[in-house]
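# Coordinates in review
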Amino acid sequence: MTTTSIRYWLTGRVLLTLAAGLVVGCLVDQIFPGLFLALALYTLWSHRQLCRLLDWLNQAGDQELEPPESSGVWGEIFDSIYRIQSRHSRAKKRLANVIDRVQESTAALNDGVLMADAHGCLEWWNRAAGELLGLHMPDDQGQPLTNLVRNPKLARYMENSTGKEPIKIDSPVYEGRQLQIAITIYGQGSRLLLVRDVSRLHQLEIMRTDFVANVSHELRTPLTVICGYLETLGDAVAMNPETPPAFSRALGRMQEQAERMQRLIEDLLLLSRLEATEPERSSQVVSLKPLLAGIIDDARALSGEKQHRVHLECADNSTVQGEPMELRSAFSNLVYNAVRYTPAGGEVVVKWWHDQQGGYLMVRDDGVGIDPVHIPRLTERFYRVDKSRSQMTGGTGLGLAIVKHVLLRHEGWITIRSHPGKGSEFVCHFPLTRIVL
Ligand code: ADP
């Protein structure tokens, strides 16, 4: 029955009752009492149907219960409600099935999956997450994760995880195990956390850094001896006018390459130290003006006859919290690169400033520039835009990797803007917490 026909049916029923009341009233010569009686009977009947409807709804609750027998419009109402109820309960079953399947499949995962609300309180987690983080269902449900897993790195990550790389923390349950945690924000700020046991990968990583550090260390001493002898030979050759020119040239090349190897080993050692050690907790307040001025003096010396114009813009009282040696190493790599990849007479600007978001060190040059396709990979070890160009400038291919690691240890990051022939701009970003105002 459609809504219009129900309306007609209802009106018809009322009119019919009134007509019946009128007829009976006329027969007994009591029109108004007759009408009143008919209406009262009709209201009583409707009231009874309403009570049956209410009883049925109360009894049914969440289940599907056959509606009471009824005819006419009331029967139609009972059937419609029953149909809606059946539709809802079918949809509910379907949803429950999907949820069960999702929960079963995530429970079978070896990686931990946790769901937390916008405040970081745990709503649900799978078996692996419970094991890896030592969580207990249902006691820990509704508790903030940071109360259950006490780790400052995790607390910082939970507070501000947007766009950040996953973090690694020590397992709160198994000693010596490493966990990787990645957070994805969804819906109204809810969080989905993925937890992986990366102990094996971590172990391999440690073995790799140790290997590189040990090899570099072992190579350092023989190389120092070779360099020493090459220098002595060079002095002897310089003093002997009868030395064939080809011999002096060969010796010069040997010295150059030996020095390059020394620089490479120093950079490798520095890089493995940056990777292998935790950043110092009690970092110092570093005064930037003298640090940058020293780097700029060295850059001018490096430029030599090429006469680059190197400028520094930095307020006298600018400071940043960090490790002075590491910062010096990162900044000098950027400034020396600017000099090395800028033709003679070019301009290099080094500028420090800060705002409400943090501090910035910019190194800009008007040199050869870099094709944007290379920029995402530039901070990888030994990644070179142009091998021959880099070899000509005596680079080790590790400079920008060192910069990236130093900045990571200072909770910072680097952005690079460059175009071939238009120069390059490298900006080191430091968070506000590192800026001493
Ligand atoms: P390298 O020791 O070879 O300079 P880096 O890691 O310092 O290694 O730099 C990686 C590559 O990035 C370099 O080979 C060079 O091609 C490019 N590059 C770095 N800085 C600049 C710059 N200021 N201008 C142009 N190219 C640059």
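All residue numbers refer to positions counted from 1 along the written sequence of the respective chain. Given that the model is predicted, a residue must reach a pLDDT of at least 70 before its local features are reported, and side-chain atom pairs must reach 80 or more before they are shown or counted; all residues, however, enter totals for whole chains, interfaces and linings. With hydrogens and water set aside, each side-chain value is computed from the structure's full complement of heavy atoms.

### Structural notes on the sheet that holds strand 5 (residues 190-197)
The criterion, for reference: DSSP bridges decide pairing: two strands pair if at least two such bridges lie between them. Working definition: helices are DSSP H or I runs of at least four residues, strands are E runs of at least two. Numbering for both runs from the N terminus. Fitted lines through C-alpha atoms give the axes, limited to the stretch in contact for helices. The angle between two N-to-C directions lies from 0 to 180 degrees.
With antiparallel pairing, the five strands of this open sheet are ordered in space as 2-1-5-4-3. Of all the strands in the sheet, the pair left with one neighbour each is strand 2 (122-125) and strand 3 (167-170). Taking each pair of neighbouring strands and ignoring which way they run, the sheet shows an average axis angle of 30 degrees. Both strand 4 (residues 178-186) and strand 5 contribute to a ladder of eight bridges, which runs antiparallel. Bridge pairing links Gln180 to Arg196 in strand 5.

### As for empty space enclosed by the protein
Any empty space left between the atoms is revealed when a probe the size of a water molecule rolls over them. To keep things clear, this is the line we draw: Think of a 1 Å grid over the protein atoms and nothing else: a 1.4 Å probe that fits but is trapped marks a cavity, an open set flanked by protein within 12 Å on at least five of seven lines marks a pocket, and residues with an atom within 4 Å of a point count as lining. Grid points are joined across faces, edges and corners, and a volume is the space filled by probe spheres set on the points. In this count, Pro and Cys sit with the nonpolar residues alongside Ala, Val, Leu, Ile, Met, Phe, Trp and Tyr, while Asp, Glu, Lys and Arg are called charged and the others, Gly among them, polar.
All told, the structure shown has one cavity of 30 Å³ or more when counted by the stated rule. Approximately 40 Å³ is the volume attributed to the largest cavity. Lining the largest cavity are Pro279, Glu280, Ser283, Gly322, Glu323, Glu326, Arg409, His410 and Arg434. Of the residues that constitute the lining of the largest cavity, the class distribution is one nonpolar, three polar and five charged.

### A closer look at helix 9 (residues 288-303)
So the rule is basically this: Expected span, for any helix, means 1.5 Å times one less than how many residues it has. Only protein chains enter the area calculation, which uses a 1.4 Å probe; residues under 20% of their type maximum are buried, those over 50% are exposed, and those in between are partly exposed. When we speak of the arc, we mean the arc of directions from the helix axis to the C-beta atoms. Here, residues are in contact when the closest pair of their heavy atoms is within 4.5 Å.
The end-to-end C-alpha separation of helix 9 is 22 Å, in line with the 22 Å expected for 16 residues at 1.5 Å each. Turning to helix 9, its buried residues number three or more, namely Leu288, Leu291, Leu292, Ile295, Ile296, Ala299 and Ser303. Summarising the axial view, the buried residues of helix 9 lie within an arc of 130 degrees, below the 170-degree limit, and thus occupy one face. Of the exposed residues in helix 9, the ones pointing more than 90 degrees away from its buried face are Pro290 and Ala301. Lining the buried residues of helix 9 we find strand 6 (284-287), strand 7 (309-313), strand 8 (319-322), helix 10 (324-340), strand 9 (347-354) and strand 10 (358-365).

### Digging into the nonpolar core
Our working definition: In this text, buried Ala, Val, Leu, Ile, Met, Phe, Trp, Tyr and Cys residues form a nonpolar core when linked through side-chain atoms within 4.5 Å.
Counting residues in each nonpolar core, the largest one holds 43 residues, and the members touching the most others are Leu292, Phe331, Trp352 and Phe430. Listing elements by their share of this core, those giving two or more residues are helix 8 (245-276), helix 9, helix 10, strand 9, strand 10, helix 12 (399-409), strand 11 (413-419) and strand 12 (423-431). Ranked by the residues each element gives to this core, the list is headed by helix 10, at seven residues. Excluding residues within four positions of it along the chain, Phe430 makes contact with Val320, Leu327, Phe331, Trp352, Gln357, Gly358, Gly359, Leu407, His410 and Ile435. If you look at the next biggest cluster of nonpolar residues, it comprises 20 residues, including Ala116, Leu145, Leu154 and Val195.

### Side note on the pairing of strand 11
Residues Ile414, Ile416 and Ser418 line the buried face of strand 11, whereas the alternating positions Trp413, Thr415, Arg417 and His419 sit on a face that is not buried. As judged from the seven bridges shared by strand 11 and strand 12, these two strands associate in the antiparallel manner. Among the inter-strand pairings, Thr415 is bridged to a residue of strand 12, identified as Val427. Where strand 11 hands over to strand 12, the hairpin turn is made up of three residues, of which Gly421 adopts a positive phi near 80 degrees.

### Focus: the layout of surface pockets
For the second largest pocket, the calculated volume is near 810 Å³. At the level of secondary structure, the elements contributing two or more residues to the lining of the second largest pocket comprise helix 8, helix 10, strand 10, helix 11 (387-392), helix 12 and strand 12. Looking at the lining of the second largest pocket, the element that brings in the most residues is helix 10, giving ten residues. For the lining of the second largest pocket, a count of residues per class yields 18 nonpolar, 13 polar and ten charged.

### A look at the packing of aromatic side chains
The line we're drawing: Stacked, tilted and edge-to-face are the three classes assigned to paired rings of Phe, Tyr and Trp, where Trp is represented by its six-membered ring and a pair needs centres within 6.5 Å; plane angles under 30 degrees give stacked, over 60 edge-to-face, the rest tilted. Here, over-ring charges are defined by two tests on the NZ atom of lysine or the CZ atom of arginine: distance to the ring centre within 6 Å, and angle to the ring normal within 35 degrees.
By the definition in use, this model includes five aromatic pairs. Ring plane angle 25 degrees and centroid distance 5.1 Å describe the contact between Trp353 and Tyr360, whose orientation is recorded as stacked. Residue classification places Tyr360 among the buried positions, given a relative accessible area of 11%. Over the face of the ring belonging to Tyr174 we find Arg177, whose NZ or CZ atom lies 4.4 Å from the ring centre.

### Looking at the environment of Ser171
Put simply, the rule reads: Pairing of N or O atoms within 3.5 Å defines a polar contact, subject to two protein rules: one partner must be a possible hydrogen donor and the other a possible acceptor, and residues neighboring in sequence count only if both atoms are side-chain atoms.
By secondary structure assignment, the location of Ser171 is in the loop between strand 3 and strand 4. A sequence separation of 14 residues divides Ser171 from Ile185, and the C-alpha atoms of the two residues are 23 Å apart. With near-sequence residues (within four places) excluded, Ser171 lies in contact with Leu132, Arg177 and Leu179. One polar contact links the side chain of Ser171 to the main-chain amide nitrogen of Val173, over a distance of 3.1 Å.

### A word on the sheet that holds strand 11
Taken in spatial order, the five strands of this open sheet run 7-9-10-12-11, and their pairing is mixed. The open sheet has two edge strands, strand 7 and strand 11, and neither has a second partner. Each neighbouring strand pair of the sheet contributes to a mean axis angle of 10 degrees, computed without reference to strand direction. As defined by bridge partners, strand 9 adjoins strand 10 across seven bridges and the pair is classed as antiparallel.

### Remarks on the packing of helix 10 against helix 12
So the rule is basically this: By definition, turning the near helix anticlockwise from the far helix through less than a right angle yields a left-handed crossing, and turning it clockwise yields a right-handed one.
Two elements in contact, helix 10 and helix 12, have axes separated by 9 Å at closest approach and are oriented at 145 degrees. Seen along the crossing, helix 10 lies across helix 12 with a hand that is left-handed. Touching Glu326, Leu327, Ser329, Ala330, Asn333, Leu334 and Asn337 of helix 10 are Gly399, Leu400, Ile402, Val403, Val406 and Arg409, all from helix 12.

### Remarks on the environment of Thr243
If you trace the backbone, Thr243 turns up in the loop between helix 7 (199-239) and helix 8. For Thr243, a relative accessible area of 16% puts it in the buried group. With near-sequence residues (within four places) excluded, Thr243 lies in contact with Val237 and Ser248. At a separation of 2.9 Å, a polar atom in the side chain of Thr243 contacts the main-chain carbonyl oxygen of Asn240.

### A few points about the pattern of salt bridges
Rules: Think of a salt bridge as a Lys or Arg side-chain nitrogen and an Asp or Glu carboxyl oxygen that are within 4 Å of each other.
One pass over the structure, following the stated rule, counts 16 salt bridges. Connected via shared salt-bridge partners are Glu205, Arg208, Glu275 and Arg381.

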